[in-house]
Amino acid sequence: MRLDPVAPASRVPPAIAKYLLPDEHMVVAVRRHPSILIPPGAAALGAPFAALAISLILRGSQALHVAVWILVGILFLRLAVVIVGWSVNYLVLTQQRLLLLSGVFTRQITTMPLTKITDLKLKRYFAGRLAGYGDLIIESADGTKLLVDYLPYPEQLYLEFAGLIFPRENPDGEDPAGQPSRNPDDEPGGDPFPPFPSLR
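Computed from a predicted structure; not experimentally measured.

### Details of the pattern of salt bridges
Here's step 1: Within the structure shown, the criterion is met by 3 salt bridges.
Here's step 2: Notably, a salt bridge pairs Arg124 with Glu155, separated by 2.4 Å at the nearest N-O pair. Here the residue Arg124 occupies a position in the loop between β6 (117–123) and α4 (126–131), and Glu155 occupies one in helix α5 (residues 154–165), the gap between them amounting to 31 residues.
Here's step 3: Judged by relative accessible area, which is 42%, Glu155 ranks as partly exposed.

### Here's the deal with α5
Here's step 1: With 12 residues, α5 extends 16 Å between its outermost C-alpha atoms, agreeing within 8% with the 16 Å of an ideal straight helix rising 1.5 Å per residue.
Here's step 2: Every buried residue of α5 is accounted for by Pro154, Leu157, Glu160, Phe161, Ala162 and Ile165.
Here's step 3: For α5, the secondary structure elements touched by its buried residues are β2 (26–30), β3 (90–94), β4 (97–102), β6, β7 (133–140) and β8 (145–152).

### Here we look at the packing of aromatic side chains
Here's step 1: Taken as a whole and judged by the stated rule, the model has 1 aromatic pair.
Here's step 2: The ring of Trp86 is capped by Arg31, whose NZ or CZ atom sits 5.0 Å from the centre of that ring.

Thresholds applied
Residues numbered from 1 in each chain as written. Predicted model: local features only at pLDDT ≥ 70, side-chain atom pairs only at ≥ 80, totals over all residues. Heavy atoms only, no water. Salt bridge = Lys/Arg side-chain N within 4 Å of Asp/Glu carboxyl O. Helix = DSSP H or I, 4+ residues; strand = E, 2+ residues; numbered from the N terminus. Buried < 20%, exposed > 50% of the residue type's maximum accessible area, 1.4 Å probe, protein only. Expected span 1.5 Å × (residues − 1). Contact = heavy atoms within 4.5 Å. Phe/Tyr/Trp six-rings, centres within 6.5 Å; stacked < 30°, edge-to-face > 60°. Lys NZ or Arg CZ within 6 Å of the ring centre and 35° of its normal.

So, in structure tokens, the structure goes:
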């Protein structure tokens with residue numbers, strides 16, 4: 001499995017397609033940045049070394065040894081769950097709404113119409129600037145806030161979101177005639193988002 005966080009708009013993953021309306025077109029879908037896997041991965045990979053050291057130091061306590069190695073197994077199981085969750089959880093932007101697909105054993109779908117979104121905030125912490133992710137805070141008209149952490153390609157996606165949520169208008173109040181279509185069905189010959197890697 002490749003760690004590519006972005007699904008191209010020209011190909012809708014099955015995990016997303018089942019939640020789209022018949023006339024709804026996916027603009028972009030992203031998984032969280034793979035950096036979200038680092039903390040559980042580091043804990044799982046470091047646990048055997050810690051367990052081995054404890055076993056060598058406390059040789060007489062058999063029950064403690066068993067408990068320590070059970071904890072190692074739990075950490076690896078947690079890592080597996082996190083990886084599976086990362087692979088099937090998406091933030092999806094269509095021309096009509098925002099969807100957040102989350103959960104592994106219990107699937108949760110959070111939906112927010114684009115017309116209800118009133119504010120977007122992008123936060124880039126030092127670690128996020130180094131690794132290439134940020135936090136996107138989405139606020140709706142009723143005061144609901146949605147935090148999407150570990151967002152990959154944060155500046156590009158922020159502009160993509162803002163372009164759909166706050167579309168530019170001509171002085172007469174109509175959409176500009178020369179505005180290129182964001183519908184992938186209207187763009188023959190490929191991916192409308194070439195900077196984003198594709199899933200294979």
